[in-house]
Structures are given as C-alpha cells and as structure tokens.
Amino acid sequence: RVSLLREKNSIQKKKYWTIGKQKIRYKCDEEYIEKLRDLISDAVKVRANIIKGLVGAELSGGLDSGVIDVLLNRLDKKGIYYSWSVHPNELEYAEDDERLIIEEICKRENITCLYNTLTPKILESSNIEKNMKMTGVQVLGDYLPFRYVLPPYINTFQISEASQKISQEGGKVVFTGHGGDEGVSHRCNPYELFYHNEYIHFLRIMWARAHREKFRVLHTMKGIFKLLTETRKHLKSAYMAPFNAPELLKNDLKKKHQHKKMPRLQFAYDPISYINSGGSRNRLDNVALQGAYSNVRYMVPYLDYRVVNFAVSIPRYMYLKGNRNRYIFREAFKDILPESLYTLRTKETNSIKNLKQNPNWFVEYKKNKKEIYETLSRDIWEKYIDFDMIEEWLNETEPFGEERVKSENIFYCLSQFAMAENAIKKTREV
C-alpha cells in the first residue's frame, strides 16, 4: 500500500505496509490451520455484514469459491449463486464434471445455483445497457467486444455475464474467489520449498515421491536433479508465450514479444514477488469496470490484507504435505466441504468436453472474421500489423488441425486489437 502526499507542487510516495515482511512461525500445524480459518471466515463475515439484501457469489466448483459460498450461506445471507458453466439441461455431464461438485454443494447447503447458457446474450433491459446509454455512447451490433467497452482480458465475457445476471436478480455485490490461488489456497511445488530454504521438508517430499521405487535413493536423487535443473529452468524462464500470432506484427513490434522479455512464473513458487509485481491487478481492474457497468460491487475476501499477508508469511510446507497440495487450506475447511471438493486435485472446466462441434462453424467464423476486419482502423493499426497478411487470412479455405489453431489465434489477437480500439473510440464519444 502506498500513500500519496501532495506537498507544494510535488507528490511524495510513502509506503506503510509491505506484504510478507515479517515471517510468522507457530509451534504446530494446528495453529496455522486454525488461524487461517479464522482470518478467512472473518474476511467473508465483515464484508457480508455490511450488505443488506441479496448477496451474489460466483460458484465454480473449485475450492476457492466453494469455501466462500458455504461461509456466506452459514452466515444466513440470502444469496444468488452463479456458475460460468453451462446448465446441465443444455449440456450433458462429462467425466469429472465441475457441475457435480456444484450440485453437491447446493444440496448440502440447500441453495440454488444459476448457470450460464450455450448462447449467452446480455438483455436490452440490463444495467450495462442502461448505463452505457446514460453516458451518451452509441450502442450498436450484437458482438459484445464492439457493442460495449469490454477490456481485453481472458475471462471478460464470463465476468460480464455473471455480473449482469446477479444484478438482474437483485444482487448488489458479487463475492469472488479471485486471489485465492495467488497466495491463500496456493498450489505449492517442491521447488518452492527449496527456493525458500525449507530443505528438510524439501528432502522429505522428494523421498516420499519415490516410495514405490526399487532403488529409492537413486530415484530420489534423480528427482532432485531434474527438479533443480529442468523444473527450475522452466519456472524461471518466460511463462508467457510470444504473441499468439507473431506473423500479424510488423518487425519492430514483433521484437517486443520475445521469450526473454516475458516475466518469470513467480506465481508457482514466489507468491510475494508475484503479488508485488501486480499479478492481481488485471482481474481486479476488470471486475471493477464490470461492477460499475452492472451496478454491483465485487468483494474479494482472499485479498483482505490480513488473509493474504498471513498466507505468504507462514512456512511453505504448509501448502504441500506428502501428496496433499493446498494442504493448509483444505484442512482449515475440511469439516464444511463435501468430500468431492475436499479431495479435488485439479480445477478444470471439464463440462466443455461435451460441447458438440457445429458442422457449419466455418460459415459463422467467416462472418465474424469479416466483422472484426471491418472494425479495425488502418490509420491506427497500419504501423503495427500486416494488413496484407490479414487479407490472406480472410480468404483462407476451411482450416483443419494445426492450421485451424493458427487461424483462431489470429482471430483472437485481432479481437483484442478491436476491443482496444473500441475502448478508445467510445471514450472519445463520451
């Protein structure tokens, strides 16, 4: 946190809190577990208590949102729970479907979850529509990136749908699990223990992982060598791939999207550095905008400074014990979680595996490509992207396999350009 003090004609920065500055050490695991539970429970409670009326909350089928939603319900808050997944009536269940966990939570807590649809559409009567018109911005078309000013972010559309639905149902806030896996329900790995000088716990983990091997000592040593060479190299090299469609870019801009200039994967082994580098900001900025659009306010209990500071200040082995990752977080809320969620190892949206391919997808795809192309201004983008290459892409025959992936990468990148341009244009209109 930084306080800005204006004196005369200058602004001075004063930092009054540094995350993770003071390490926290207790006598036993139970003390860490109890403290984390108390902090998270209180972070949810103090936010819920200031809300009168309906409380909205995301429910994804993962640990982060599941814990928040159960805590909210047990505070006797009447809630509107929303999942980004498609309703089971529209899309049949897949193996390890996240909606099975959602339904188990709903059954245990006697709550109802609202789902997304296969063909989401923001209604004309929605708050986002009303608020856009009040600003004097012209609202045209049905394609969301151009109709509204939506930030180019990976989950923009899902956030928009969720905030709209909860707002339409009468909710004034949306509780989100964002920030959990950035520090609080952190997915630890053995390298993190080594990186933070917890060598005894590191060796125990590596020894345990070779427990079924005939030559256990040898396999343990091989595992350590691989982790400290290949794994460490991967974690400390660029985690962001170069621009998805480098062939789009002019050479000067392409040089800015090289591996060596991308940030490291600090998310996986150094939560403090990740948070300090602004790792939470993109999502926070996005939900702040979507909340303002939709007349709701987002609540982020896991980024309560007490919670996240405690989570990054305790020993890292509390997040990896034996084969149990996110150990302390699971144990803190073991008694309130369904078994399927307590034992959940990976968080994937498995329901989309049952989405059926549209046999006429290329017809709609060509239409969307043309719409994006016609939206882009040559005056703005000619300096940066190759329009000759884009015209070749527009006239391509139906792609398959890797060619389709390459084509859709171009589509995605141009969509981000179009969204950025749309934000500039609509800002000028206002």
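Here the structure is shown first, and the text comes after it.
Scope of this entry: the structure provided in the associated data block.

All right, on to the layout of surface pockets then. For the second largest pocket, the calculated volume is near 740 Å³. Elements with a contribution of two residues or more to the lining of the second largest pocket: α12 (271-276), α13 (281-294), β7 (297-299) and α14 (305-313). Take the lining of the second largest pocket: its biggest share by element is 4 residues, from α13. Class assignment of the residues belonging to the lining of the second largest pocket gives a composition of 14 nonpolar, 3 polar and 6 charged.

So, on to the sheet that holds strand β6 (residues 173-175). Strand order across the open sheet formed by 5 strands is β5-β4-β3-β6-β7, with parallel pairing between neighbours. Strands with a single pairing partner mark the edges of an open sheet, and in this sheet they are β5 (113-116) and β7. Mean inter-strand twist for the sheet, computed between neighbouring axes without regard to direction, equals 30°. Bridge count between strand β3 (residues 55-58) and strand β4 (residues 79-86): 4 bridges; the pairing is parallel. Its bridge partner lying in β4, Val55 is registered against Gly79.

Within this structure, the stated rule accounts for 19 salt bridges. Across the pair Asp181 and Arg187 runs a salt bridge whose closest N-O atoms are separated by 3.2 Å. The exposure class of Arg187 is partly exposed, given its relative accessible area of 31%. The partner of Arg404 in a salt bridge is Glu408, with the nearest N and O atoms 2.9 Å apart. Of this pair, Arg404 and Glu408 are both found in helix α20 (residues 401-429), 4 residues apart, which corresponds to roughly one turn of the helix. For Glu408, a relative accessible area of 31% gives the class partly exposed. Several salt bridges share partner residues, and in doing so they unite Asp42, Arg47, Asp304 and Arg306 into one network.

Time to look at the state of the cysteines. Scanning the model with the defined rule gives 0 disulfides in all. Left unpaired, Cys106 is separated from the closest cysteine sulfur, that of Cys113, by 5.1 Å.

To continue, consider the packing of aromatic side chains. Under the counting rule described, the total for this entry stands at 19 aromatic pairs. Ring geometry for Trp361 and Phe362: centres 5.5 Å apart, planes at 70°, overall edge-to-face. With respect to class, Trp361 is no different from Phe362; both count as buried. In textbook terms, an aromatic cluster arises when at least three aromatic residues are bridged by ring pairs, as seen for Tyr191, Phe194, Tyr195, Tyr199, Phe202 and Tyr269. The ring of Trp393 carries Lys369 above its face, with NZ or CZ at 4.6 Å from the centroid. We note Arg404 situated over the ring of Trp361; from NZ or CZ to the ring centre the distance is 3.7 Å.

Looking now at the packing of helix α1 (residues 29-49) against α14. As a packed pair, α1 and α14 sit with axes 9 Å apart at the nearest point and diverge in direction by 160°. Of the possible angle classes, the one that applies to α1 and α14 is roughly antiparallel. Note on packing geometry: the crossing formed by α1 with α14 is left-handed. Each of Tyr32, Lys35, Leu36, Leu39, Ile40, Asp42, Ala43 and Val46 in α1 lies in contact with α14, whose residues at this interface are Arg306, Val307 and Phe310. Split by residue class, the contact of α1 with α14 holds 8 nonpolar, no polar and 3 charged.

About the cut-offs
- Every chain's residues receive numbers from 1 upward, in the order its sequence appears when written.
- Per-residue local features of the predicted model are confined to residues with pLDDT of at least 70, and side-chain atom pairs are confined, for both listing and counting, to 80 or more; whole-chain, interface and lining totals are unaffected and use all residues.
- Side-chain numbers come from the whole structure's heavy atoms, not from hydrogens or water.
- Any residue with an atom within 4 Å of a point lines the site, the site being either a cavity, points on a 1 Å grid over the protein atoms alone where a 1.4 Å probe fits but cannot get out, or a pocket, an open set with protein on both sides within 12 Å along at least 5 of 7 lines.
- Grid points are joined across faces, edges and corners, and a volume is the space filled by probe spheres set on the points.
- Starting at the N terminus, helices and strands are each numbered in turn, a helix being any DSSP run of H or I of at least four residues and a strand any DSSP run of E of at least two.
- Following the grouping adopted for this structure description, the nonpolar residues are Ala, Val, Leu, Ile, Met, Phe, Trp, Tyr, Cys and Pro, the charged ones are Asp, Glu, Lys and Arg, and the polar ones are all others, Gly among them.
- Whether two strands pair comes down to DSSP finding at least two bridges between them.
- Orientation is described by lines fitted to C-alpha atoms, with helices fitted over the stretch in contact, and by angles between N-to-C directions that extend from 0 to 180 degrees.
- Any Lys or Arg side-chain nitrogen located within 4 Å of an Asp or Glu carboxyl oxygen qualifies as a salt bridge.
- Throughout, exposure labels follow a simple rule: accessible area from a 1.4 Å probe, protein chains only, divided by the maximum for the residue type, with under 20% read as buried, over 50% as exposed, and the rest as partly exposed.
- Disulfide assignment relies on a single distance test, namely cysteine sulfur atoms paired within 2.5 Å.
- Any Phe, Tyr or Trp ring, taking Trp's six-membered ring, that has another such ring centre within 6.5 Å forms a pair; planes under 30 degrees apart are called stacked, those over 60 apart edge-to-face, and the others tilted.
- Note on geometry: a ring has a charge over it if NZ (lysine) or CZ (arginine) is within 6 Å of the ring centre and within 35 degrees of the ring normal.
- Angle categories are assigned with fixed cut-offs, so that under 35 degrees is roughly parallel, over 145 is roughly antiparallel, 65 to 115 is roughly perpendicular, and the rest are oblique.
- Take the far helix as the reference: if the near one is turned anticlockwise from it by less than a right angle, the crossing is left-handed, and if turned clockwise, right-handed.
- By definition, residues are in contact when any of their heavy atoms lie within 4.5 Å.

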